[in-house]
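# Report on the structure
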Amino acid sequence: MTPRLSAVGQTLRDRLGAQRIVDDPTELETYACDGLANIRVRPGLVVLAENAADVAAAVGACADAGVPFVARGSGTGLSGGALPHAEGVLIVTARMRKIVAVDPDDGCAVVQPGVINLDVTRAAAPYGLHYAPDPSSQQICSIGGNVAENSGGAHCLKYGFTAHHVTGCSVVTPDGEQVRLGGRAAEYPGYDLLGAFIGSEGTLGITTEVTVRLTRDAESVRTLLAGFESTDDAGAAVSAIIGDGVVPAAIEMMDALAIEAAEAAVGCGYPAGAGAVLVVEIDGPLAEVEHTFAAVQEHCRACGAFEIRVAADDNERTLIWRGRKSAFAAVGRISPNYIVQDGVIPRTALPEVLRAMTELSAASGVRVANVFHAGDGNLHPLVLFDGRVEGAEERAEEVSGAILDLCIAHGGSITGEHGVGVDKAKHMPRMFTDDDLDTMQLVRCAFDPAGICNPGKVFPTPRLCGEVPRVHHAEETTPAEIF
Ligand SMILES: Cc1cc2nc3c(=O)[nH]c(=O)nc-3n(C[C@H](O)[C@H](O)[C@H](O)COP(=O)(O)OP(=O)(O)OC[C@H]3O[C@@H](n4cnc5c(N)ncnc54)[C@H](O)[C@@H]3O)c2cc1C
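What counts and how
- Residues numbered from 1 in each chain as written.
- Predicted model: local features only at pLDDT ≥ 70, side-chain atom pairs only at ≥ 80, totals over all residues.
- Heavy atoms only, no water.
- Near = heavy atom within 4 Å.
- Polar contact = N/O pair within 3.5 Å; in protein donor to acceptor, adjacent residues only side chain to side chain.
- Areas by Shrake-Rupley, 256 points an atom, 1.4 Å probe, with all protein chains shown as cover.
- Helix = DSSP H or I, 4+ residues; strand = E, 2+ residues; numbered from the N terminus.
- Salt bridge = Lys/Arg side-chain N within 4 Å of Asp/Glu carboxyl O.
- Core = buried A, V, L, I, M, F, W, Y, C linked by side-chain atoms within 4.5 Å.
- Buried < 20%, exposed > 50% of the residue type's maximum accessible area, 1.4 Å probe, protein only.
- Contact = heavy atoms within 4.5 Å.
- Expected span 1.5 Å × (residues − 1).
- Axes fitted to C-alpha atoms, helices over the stretch in contact; angles between N-to-C directions.
- Parallel < 35°, antiparallel > 145°, perpendicular 65-115°, else oblique.
- Left-handed = near helix turned anticlockwise from the far one by under 90°.
- Nonpolar A, V, L, I, M, F, W, Y, C, P; charged D, E, K, R; others polar.
- Pairing = 2+ DSSP bridges.

Every one of the 33 residues lining the ligand counts as a neighbour, but A71, T76, S137, S142 and S151 are closest to it. In this structure, a nitrogen atom belonging to the ligand sits 3.1 Å away from a side-chain N or O atom of E417. Here the ligand has 980 Å² of accessible area as a free molecule, and 94% of this is covered by the chains. Ranked by residue count, the leading element in the shell around the ligand is helix α5 (residues 143-149), at five residues.

Below you can see the structure in the form of structure tokens.
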């Protein structure tokens with residue numbers, strides 16, 4: 001432990017009490033990775049924060065000593081965003097699980113950052129409300145992590161991502177100050193600092209309280225499972241449904257390998273022999289849902305669905321969703337190791353990109369299972385490998401990188417919802433020029449001039465905030481400045 005970190009540890013032991021500090025090497029090891037388990041770094045020190053004052057004390061001590069710190073919620077992130085710093089402090093918010101208020105009249109809730117996503121919906125349910133962003137990890141991931149990653153989920157096609165459901169955040173800035181971004185109202189004047197904070201992957205500060213919008217439960221919900229011979233047919237059905245002006249609450253696709261994995265794990269009973277299945281959910285007012293649901297079934301049949309199962313009740317709906325929601329973990333049943341990739345393409349490119357992925361897989365001998373949010377073109381290819389076989393991981397990495405190339409070549413992005421973290425920092429220059437990245441760095445430096453807040457994440461080449469990005473001209477305007 002460096003002398004500076006040791007001094008921070010002593011300060012925090014004095015201020016917060018020894019029970020909130022973890023410094024035993026064996027215990028520290030349990031925090032060495034998040035959901036990206038192949039990269040591990042043992043943190044220098046862990047602080048188990050119980051309230052905003054604890055977070056401010058920990059960040060303030062780090063700022064005074066120039067020691068890096070990293071926020072961690074539940075540690076389910078898939079891009080290594082919560083990967084600790086070996087000579088820094090990991091500030092864990094998992095004990096901050098208080099639902100401060102549920103206000104059905106204003107349709108909002110105020111929660112601490114360690115609150116589990118699904119617990120917000122559980123608290124809102126008695127009022128006929130729910131929290132709409134629903135990552136597949138919603139039973140374990142935290143709202144603070146959701147804010148940092150701007151997380152999405154199956155129902156974000158219709159309802160939007162975390163950014164559309166968070167109106168305010170209390171934030172401890174990287175110098176230890178407590179500030180408020182946004183509030184309960186929908187819009188605030190001035191620069192949208194809340195917008196900058198959401199999705200900033202823990203690099204602009206730590207949120208200690210989040211105000212979220214609650215969404216009224218739909219009057220009616222209908223769910224179906226459609227079996228197709230191929231991903232081409234299923235992709236055509238997705239285009240037909242959305243091209244018809246229907247906005248399903250969710251439209252999810254799984255290919256044959258993902259179905260095989262889900263069957264092995266949870267016996268979901270999906271149509272035998274299917275090359276792809278779609279899970280389609282329609283919600284809204286009863287009359288509208290009945291009409292739209294009939295149209296969806298027609299589109300599926302017209303595109304070659306050989307079996308359509310309609311959930312008769314909530315139990316059957318849960319059964320249909322079980323296979324989809326278990327898919328990531330289920331892949332462990334058919335492969336000892338796998339990489340969870342996350343990329344986005346325009347929806348219309350789905351059939352072409354899926355075909356290209358099949359060719360890539362055949363040529364390399366690396367199996368790729370596909371399970372994804374088809375409605376918004378957010379792919380989650382699961383690249384399978386056996387880590388015991390020499391060179392297998394490298395081959396899987398190559399295929400995984402080639403899939404991102406496909407996404408970029410088709411006008412898409414290297415991440416849809418899992419973030420850049422450490423995992424994809426090296427891919428950022430494939431999407432952005434140096435000027436783009438410099439512009440993003442200016443934002444980071446405005447919040448964190450000392451560069452101590454989750455350093456080494458998102459950006460491929462760390463730049464000190466004192467370094468002035470290259471001056472460039474208006475005619476060189478690049479994507480980061482436009483969006
Ligand atoms: C099986 C599985 C399924 C998943 N499905 C989805 C999905 O459908 N959609 C999706 O979007 N993601 C999904 N994920 C990814 C992950 O669950 C989300 O990114 C989630 O939001 C991370 O929350 P967390 O609490 O685990 O955050 P962590 O992993 O602890 O941290 C994630 C990032 O947030 C930062 N952070 C954490 N807390 C705070 C805070 N209070 N203030 C500021 N920064 C903070 C961390 O520094 C880190 O950069 C899935 C993961 C798994 C394992």
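Looking now at the pattern of salt bridges. Close approach of charged atoms lets side chains of opposite charge pair. Here the structure, examined in full by the defined rule, presents 20 salt bridges. Between E29 and R40 there is a salt bridge, with the nearest N and O atoms lying 3.4 Å from each other. Here E29, found in helix α2 (residues 25-29), pairs with R40, found in the loop between α2 and β2 (45-48); they are 11 residues apart in sequence, far enough to count as distant. E252 is the partner of R324 in a salt bridge, and the nearest nitrogen-oxygen pair spans 2.6 Å. With a gap of 72 residues between them, R324 in helix α11 (residues 314-325) and E252 in strand β13 (residues 250-255) connect regions that are remote in the sequence.

All right, on to the nonpolar core then. F228, M253, L278, V296, M357 and L379 are the most contacted members of the largest nonpolar core, which has 42 residues in total. Top element by residues in this core is helix α14 (residues 392-409). It accounts for six residues. Dropping the residues within four chain positions of it, V296 is found in contact with L224, I241, V246, V280 and I282. In this structure, L225, A261, V340 and L382 belong to the second largest nonpolar core, which totals 27 residues.

A rise of 1.5 Å per residue sets the reference length of helix α16 (residues 434-447), with its 14 residues, at 20 Å; its end C-alpha atoms lie 20 Å apart and thus fit the reference within 8%. For α16, the set of buried residues is D435, D436, L437, D438, Q441, R444, C445 and F447.

Packing of helix α1 (residues 3-16) against helix α3 (residues 52-65) brings their axes to within 10 Å, and their N-to-C directions diverge by 150 degrees. The pairing of α1 with α3 is recorded here as roughly antiparallel in orientation. Between α1 and α3 the crossing geometry is right-handed. Across the interface between the two elements, R4, V8, T11, L12, R15 and L16 of α1 pack against D54, A57, A58, A61, C62 and A65 of α3. Across the contact of α1 with α3, the residue classes tally to eight nonpolar, one polar and three charged.

Let's shift gears to the sheet that holds strand β5 (residues 99-103). Spatially, five strands are ordered β5-β6-β10-β8-β9 in an open sheet, and the strand pairing comes out antiparallel. The sheet is open, and its two edges are formed by β5 and β9 (178-182), each paired on a single side. Averaged over all pairs of adjacent strands, the angle between their axes in this sheet comes to 10 degrees, without regard to strand direction. Taken together, the four bridges between strand β6 (residues 108-111) and strand β10 (residues 206-213) define a ladder with antiparallel strand orientation. The residue bridging C108 from the neighbouring strand is R213, located in β10. Its contacts with the sheet put helix α4 (residues 117-124) on β5, β6 and β10, and the angle it makes with β5 is roughly 45 degrees.

Where helix α13 (residues 350-364) meets α14, the axes come as close as 11 Å, and the angle between the chain directions of the two elements is 155 degrees. Here α13 lies roughly antiparallel to α14, going by the angle between them. Along this stretch, α13 crosses α14, giving a crossing that reads as right-handed. For the pair formed by α13 and α14, the contact residues are V353, A356, M357, L360 and S364 on the first element and V399, A402, I403 and L406 on the second.

With that out of the way, let us pick up the pairing of strand β18 (residues 368-373). Where burial is concerned, most of β18 is hidden: six out of the six residues are buried. Burial of β18 is two-sided: the residues V368, N370 and F372 facing one way and the residues A369, V371 and H373 facing the other way are all buried. When β18 meets strand β20 (residues 381-385), the two strands line up antiparallel, connected through three bridges. By the bridge assignment, N370 is partnered in β20 with P381.

The subject of this paragraph is the sheet that holds β2. Spatially, the four strands line up as an open sheet ordered β1-β2-β4-β3, and their pairing is mixed. In the strand order of this sheet, the two ends are held by β1 (21-22) and β3 (69-72), each with one partner. Lying over the sheet, α1 contacts β1, β2 and β4 (89-92), oriented at roughly 20 degrees with respect to β2. Docked against the sheet, α3 engages β2, β3 and β4, running at close to 170 degrees with respect to β4.

One non-glycine residue, N150, lies in the positive phi region at around 45 degrees. Relative to the helices and strands, N150 resides in the loop between α5 and α6 (156-159). By relative accessible area, N150 is classed as partly exposed at 22%. Of note, the phi angle at E201 is positive, near 55 degrees, even though the residue is not glycine. By the secondary structure assignment, E201 is in the loop between α7 (193-197) and β10. E201 sits in the buried class, given a relative accessible area of 9%.

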